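Given next are the chains, with one letter for each unit.
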Amino acid sequence: IEISVDIFTGSIKPEEIKVDLYYGHIAHDHLLSDTSIENLSTITPIGNGKYRFSGSLPCRKTGNFGYKVRITPFHPLLIDPYELNLVIWI
C-alpha cells in the first residue's frame, strides 16, 4: 500500500527530520501489536513549506492492521533521536 503524509516543516529542512510509519495488527484493546517500522523516505516539495513524505507499507499478513506516523529529528551525528524528547505522533 502506498502511503504519503503532507507535513508543514516551517523553517526546518525536510532532511532534518525522519518520518516513519509504525504499523501492526490491531489488538482487542485497539493497540498495535506485532509492530514494524517503514521509513517514508521519498520527499517531494509541494510548496509553502510543505513536503510530502511517502513510501510503501508491505502487506505480508492478513487481518486488521493499523498505523501511526512518527516524526523524529534527524542528523547523522545524532546518536539517539528520542533523547531530545521531540517525537511527534500523528
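Look up a bit, the structure's there.
These numbers were taken from a predicted model, which means no experiment stands behind them.

**Q** If you had to explain the packing of aromatic side chains to someone new, which residues and values would you point to?
**A** Across all of its chains, the model carries 1 aromatic pair by this definition. Centroid distance Tyr 22 to Trp 89: 5.5 Å. Interplanar angle 80°. Geometry classified as edge-to-face. Of the two residues, Tyr 22 is situated in strand E2 (residues 17–26) and Trp 89 in strand E7 (residues 88–89); the sequence distance between them amounts to 67 residues. Residue Trp 89 is classed as partly exposed on the basis of its relative accessible area of 43%.

**Q** I'd love a proper account of the layout of surface pockets, names of residues and values included.
**A** Here the largest pocket is characterised by a volume of approximately 230 Å³. Along the walls of the largest pocket sit Ile 7, Phe 8, Thr 9, Ile 12, Glu 16, Ile 17, Ile 71, Thr 72, Pro 73, Leu 86 and Ile 88, which together make up its complete lining. Mapped by element, the contributors of at least two residues to the lining of the largest pocket are strand E1 (2–8) and strand E6 (65–73). Sorting elements by how many residues they give to the lining of the largest pocket places E6 first, with 3 residues. Its residues assigned to classes, the lining of the largest pocket shows 8 nonpolar, 2 polar and 1 charged.

**Q** Can you break down the nonpolar core residue by residue, with the values?
**A** Residues Ile 3, Val 5, Ile 7, Ile 17, Val 19, Leu 21, Tyr 23, Leu 40, Phe 53, Leu 57, Val 69 and Ile 71 constitute the largest nonpolar core, which totals 12 residues. Broken down by secondary-structure element, the contributors of at least two residues to this core are E1, E2 and E6. Here the element with the most residues in this core is E2; it accounts for 4 residues. Setting aside residues no more than four positions away along its own chain, Leu 40 makes contact with Ile 3, Val 5, Val 19, Asp 20, Leu 21, Phe 53, Ser 54 and Gly 55.

**Q** Please give an account of the sheet that holds E6 that cites residues and values.
**A** If you walk across this open sheet you meet the 4 strands as E3-E2-E6-E7, and the pairing is antiparallel. Looking along the sheet, the strands with just one partner apiece sit at the ends: strand E3 (32–39) and E7. Summarising the sheet, E2 and E3 pair through 6 bridges and their orientation is antiparallel. Within E3, the position partnered with Leu 21 by the bridge is Glu 38.

**Q** With reference to specific residues and values, describe unusual backbone geometry.
**A** The backbone of Asp 34 shows a phi angle near 50°, a positive value even though the residue is not glycine. Secondary-structure assignment places Asp 34 in strand E3. Classification of Asp 34 by relative accessible area gives partly exposed; the value is 49%. Although it is not a glycine, Asn 85 adopts a positive phi angle of roughly 60°. Relative to the helices and strands, Asn 85 is located in the loop between E6 and E7.

Thresholds applied
- Throughout, residues of each chain are indexed from 1 in the direction in which the sequence is written.
- It should be noted that, the model being predicted, local features are given only for residues of pLDDT at least 70 and side-chain atom pairs only at 80 or more, the latter also being counted only at that level, while totals for whole chains, interfaces and linings use all residues.
- Heavy atoms from the whole structure form the basis of all side-chain values; hydrogens and water molecules are not counted.
- Any Phe, Tyr or Trp ring, taking Trp's six-membered ring, that has another such ring centre within 6.5 Å forms a pair; planes under 30 degrees apart are called stacked, those over 60 apart edge-to-face, and the others tilted.
- Helix and strand labels come from DSSP, where a helix needs a run of H or I of at least four residues and a strand needs a run of E of at least two; each type is numbered from the N terminus.
- Three exposure classes are used, based on accessible area relative to the maximum for each residue type with a 1.4 Å probe and protein chains only: buried under 20%, partly exposed in between, and exposed over 50%.
- Think of a 1 Å grid over the protein atoms and nothing else: a 1.4 Å probe that fits but is trapped marks a cavity, an open set flanked by protein within 12 Å on at least five of seven lines marks a pocket, and residues with an atom within 4 Å of a point count as lining.
- Grid points are joined across faces, edges and corners, and a volume is the space filled by probe spheres set on the points.
- Under the scheme applied here, ten amino acids are nonpolar (Ala, Val, Leu, Ile, Met, Phe, Trp, Tyr, Cys and Pro), four are charged (Asp, Glu, Lys and Arg), and all others, including Gly, are polar.
- Among buried residues, the Ala, Val, Leu, Ile, Met, Phe, Trp, Tyr and Cys ones that are joined through side-chain atoms within 4.5 Å form a nonpolar core.
- By definition in these notes, contact holds between two residues if any of their heavy atoms fall within 4.5 Å.
- Here, any two strands with at least 2 DSSP bridges between them count as paired.

Nothing here speaks to function; it is all geometry.
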